[in-house]
Amino acid sequence: MALDLLVRNGTVVDGSGLPRYRADVGVKAGKIVEIGRIRAPAERIVDAEGMIVAPGFIDGHTHMDAQVAWDALGSCSCWHGVTSVVMGNCGFALAPCKPQDREWFARCLTAVEDIPTEAMMAGIDWTWETFPEYLATVERLPKGLNYGMYIGHSALRMYAMGERGLSEKATEDDLRLMAHAVEEAVRAGAMGFSTSRATTHVTPDGSPIASRIADWDEIDRLVAAMGALDAGIFQIGPDISGGTAQRAFLDRLRRVALDSGRPVMFGMLATRQGIDPNPWTYQLEYMDATVAAGGRMYGQATTRSINAVFSLKSYLPFDVLPGWQAIRALPLAEQKIRLADPEVRRRLIAAEATMKPRDSVLQGGGAATTDPRKPDYDNLFPMLDVNWDDPSVGDLARRQNKHPVEVMLDLALDNDNRVFVQPLVNESPADVLGILRHPRTLATFSDSGAHVCQEMGSSLQTHLLSYWVRAKQQFTLEEAVRMLTFDNASAWELPDRGLVRTGYAADLVVFDEARVKPCLPTVERDLPGGARRLVQKADGIAATIVNGVVAIENGAATGEHGGQVLKGRLAV
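What you see is a predicted model, and the numbers here were worked out from it, not measured in a lab.

Examining helix α4 (residues 153-161)
Argument step 1. Most of α4 sits inside the fold, with nine of its nine residues counted as buried.
Argument step 2. Buried within α4 we find H153, S154, A155, L156, R157, M158, Y159, A160 and M161.
Argument step 3. Of the surrounding secondary structure, the elements contacted by the buried residues of α4 are α1 (102-113), β8 (146-152), α5 (172-188), β9 (192-196), α6 (210-213) and α7 (216-229).
Argument step 4. Just downstream of α4 lies G162, where phi reads positive at about 65 degrees.

A look at the pattern of salt bridges
Argument step 1. Scanning the model with the defined rule gives 35 salt bridges in all.
Argument step 2. One salt bridge connects D251 with R254, and the closest N-O pair in it is separated by 3.4 Å. Here D251 and its partner R254 are both found in helix α8 (residues 243-260), three residues apart, which amounts to about one turn of the helix.
Argument step 3. Of the charged contacts in the structure, one is a salt bridge between D507 and R497, with a shortest N-O distance of 2.6 Å. Placement of D507 in the loop between α19 (486-491) and β17 (508-511) and of R497 in the loop between α19 and β17 is noted, with a sequence separation of 10 residues between them. With respect to class, D507 is no different from R497; both count as buried.
Argument step 4. Residues joined by salt bridges that share partners form a network here, namely K31, D496, R497 and D507.

Observations regarding the pairing of strand β2 (residues 21-28)
Argument step 1. Of the pairings in the sheet, the one linking strand β1 (residues 3-12) to β2 comprises six bridges and is antiparallel in character. Residue pairing in the sheet places G10 in a bridge with A23 of β2.
Argument step 2. Taken together, the five bridges between β2 and strand β3 (residues 31-36) define a ladder with antiparallel strand orientation. Bridging across to β3, G26 finds its partner in E34.
Argument step 3. In this antiparallel pair of consecutive strands, β2 and β3, the connection spans two residues, and A29 shows a positive phi of 55 degrees.

Observations concerning the sheet that holds strand β12 (residues 297-301)
Argument step 1. If you trace the eight strands from one edge of the open sheet to the other, you get β6-β7-β8-β9-β10-β11-β12-β16, paired in parallel fashion. Two strands lie at the open edges of the sheet, namely β6 (57-59) and β16 (441-443), each paired on one side alone. Each adjacent strand pair in this sheet contributes to an overall mean axis angle of 25 degrees, direction not counted.

Things to note about the environment of F249
Argument step 1. Within the secondary structure layout, F249 lies in helix α8.
Argument step 2. In this structure F249 comes out as buried when scored by relative accessible area, which is 4%.
Argument step 3. Between the alpha carbons of F249 and R197 there is a distance of 8.4 Å; along the sequence they are 52 residues apart.
Argument step 4. Setting aside residues no more than four positions away along its own chain, F249 makes contact with R197, W216, I236, P238 and D239.

Quick notes on the nonpolar core
Argument step 1. Formed by 105 residues in total, the largest nonpolar core has its most connected members in V182, F193, F234, L253, F266 and F511.
Argument step 2. Ignoring sequence-local partners within four residues, the contact set of F193 consists of Y150, I151, H153, L156, V182, L222, V223, M226, I233, F234 and Q235.
Argument step 3. Within the second largest apolar cluster, 27 residues are counted, among which are L321, I327, L409 and L424.

Topic: the sheet that holds strand β13 (residues 306-311)
Argument step 1. Pairing is antiparallel in the open sheet, where three strands are placed in the order β13-β15-β14. A single partner strand is all that each edge strand has here, and the edge strands are β13 and β14 (381-382).
Argument step 2. The pairing of β14 with strand β15 (residues 419-425) spans two bridges and is antiparallel. What sits directly across from P382, in β15, is F420.

Thoughts on the packing of aromatic side chains
Argument step 1. Counted according to the given criterion, the structure contains eight aromatic pairs.
Argument step 2. Both rings, one in W216 and one in F249, keep their centres 5.9 Å apart while their planes meet at 45 degrees; by these two values the pair is tilted. Of this pair, W216 sits in helix α7 while F249 is found in helix α8, placing the two residues 33 residues apart along the sequence. This pair shows no difference in class: W216 is buried, exactly as F249 is.
Argument step 3. Through pairs of rings, three or more aromatic residues link up here, namely W126, W128 and Y134.
Argument step 4. The aromatic ring of F475 is capped on one face by R437, whose charged end is 4.9 Å from the ring centroid.
Argument step 5. Note that K537 overlies the ring of W79, its terminal NZ or CZ placed 4.8 Å from the centroid.

Here's the deal with the environment of V7
Argument step 1. Assignment of secondary structure puts V7 in strand β1.
Argument step 2. Sequence-wise, V7 and C519 are 512 residues apart; in three dimensions their C-alpha atoms are separated by 26 Å.

Looking at the packing of α4 against α5
Helix-helix packing is characterised by the crossing angle of the two axes and by the distance between the axes.
Argument step 1. Interaxial distance between α4 and α5 falls to 10 Å at its minimum, and their mutual angle equals 130 degrees. Compared by their axis directions, α4 and α5 come out oblique. As for how α4 packs across α5, the hand of that crossing is right-handed. Two secondary-structure elements touch here, α4 through L156, R157, A160 and M161 and α5 through D174, L177, M178, A181 and V182.
Argument step 2. Classifying every residue of the contact of α4 with α5 by side-chain character gives seven nonpolar, no polar and two charged.

Some points on the environment of E184
Argument step 1. Counting through the fold element by element, E184 comes out in helix α5.
Argument step 2. Measuring from C-alpha to C-alpha, the distance between E184 and A225 comes to 9.8 Å, with 41 residues separating the pair along the chain.

Some details on the pairing of strand β10 (residues 233-237)
Argument step 1. Summarising burial for β10: five of the five residues are buried, a large majority.
Argument step 2. Covered by surrounding structure in β10 are I233, Q235 and G237 together with F234 and I236, the residues of both alternating faces.
Argument step 3. Pairing of β9 with β10, which is carried by five bridges, proceeds in the parallel orientation. Bridge pairing in β10 places T195 opposite I236.
Argument step 4. Note: β10 against strand β11 (residues 264-267), three bridges, orientation parallel.

The rules behind the values
- Residues numbered from 1 in each chain as written.
- Predicted model: local features only at pLDDT ≥ 70, side-chain atom pairs only at ≥ 80, totals over all residues.
- Heavy atoms only, no water.
- Buried < 20%, exposed > 50% of the residue type's maximum accessible area, 1.4 Å probe, protein only.
- Helix = DSSP H or I, 4+ residues; strand = E, 2+ residues; numbered from the N terminus.
- Contact = heavy atoms within 4.5 Å.
- Salt bridge = Lys/Arg side-chain N within 4 Å of Asp/Glu carboxyl O.
- Pairing = 2+ DSSP bridges.
- Axes fitted to C-alpha atoms, helices over the stretch in contact; angles between N-to-C directions.
- Core = buried A, V, L, I, M, F, W, Y, C linked by side-chain atoms within 4.5 Å.
- Phe/Tyr/Trp six-rings, centres within 6.5 Å; stacked < 30°, edge-to-face > 60°.
- Lys NZ or Arg CZ within 6 Å of the ring centre and 35° of its normal.
- Parallel < 35°, antiparallel > 145°, perpendicular 65-115°, else oblique.
- Left-handed = near helix turned anticlockwise from the far one by under 90°.
- Nonpolar A, V, L, I, M, F, W, Y, C, P; charged D, E, K, R; others polar.

Such coordinate-based values are descriptive only and should not be taken to indicate function.
Rendered as structure tokens:
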């Protein structure tokens, strides 16, 4: 039998956690059909000599709902070995949506997820209204990745209730309409239903998003619609405000898991922000207790801190200050001339002294740029490399006997693309490692597609491989690949992905375990309408293969798009 694709001479790390072995992998019609010493001819050959051949990585927490309309590659995820993503998390989705609400939906995504409104309005051919229509639209689009999607609570509430969804309790008629829409979405192929109770999730005017107006009885009703079908995952953006409120949230979420019988997923984070933060171990113990009582529950984990990211080309912590605004409005070349002037610097440093002091209020990335506090310079790091061991701005200021603002300006003028990271949550690597080691957490919380100028979560997979496997030796390569593949495929109930096995979809990533790592990010204006975003590629990945199609080869797009829509069990 002639093959469509032969990945030859590689070392297979198959996603199961079992030891690696040397083999060829043969592909026909998008499926793995043979593993071993293969002598059959193939239309295309990928030479994997000296490379690892693993299942394509799966990222279950993204916000690529808008981006899929204009970016067939699926960047930046595509550059980090990802072949499958799930979008529509935390209740933020683009369907269902009435035509008159499209721009408002876009502005909400801008407010919470930092996806530029102008990019969405310019880049989306917004022809759908219902969730099945949106799913069908994504099916028709050229795709370099596989996409699964949730029906989102905020979108659903606004669709059913209009402006009442931002202030009122749902009526029985509202609940019936929303429950029917959840059922319709799951039958059409939705991965499930998502919502948010996160206090940092607000509308453009600063009020709570629609899902936060809903009471728990409403959530019970909508998750019960999936329970009646025995299908669908419930994903929720958690309350991480700490103290009694967070404990009450988790206790109520346990009831949803036990009553519905559906798998529940929420972001598992450690934080020192907020008043009376609960220890991150509390969340793990709570999750274990829920499972012991008969629920199914997963924590979605990152592999490093979640940060606000600043740069000369995007945001700086001082941009809202009157003394800075006139300069920051200039073209970049003129800014650099002004920022090098000692007298200008003295005025800018004086303006920084007027900023609000740091406090214990929990700040998300958006708040860090629209309502800034004076930076904690000992918790603000110039990204000099990708090894996450850089000195802080405060350290550098003391060494150089300079004001921290002057240190930042020196570094920014030295490199237009220099970024500064301010950890917001997961500040301690030891905490992150403890979360990742727990058997019920999933390495999957990238937020790819969101926070496009504030975060770099799309590099989660290559960061795990380069930092925690190679540099810190806290996981074997086999363990890390299992975390990125089979564990996630199992949690999202994707029956033919996440392993290198005959009969499975030919989603594969070929990489050099000694070289794989994220690259330093750059700020680019490559979104529709010229809007800017952080772009972060990777080194050491030779090929990414999606359903048997080579999508990325040595970091470059091939122009071939083999992506599909991933559908829940009822639609398969």
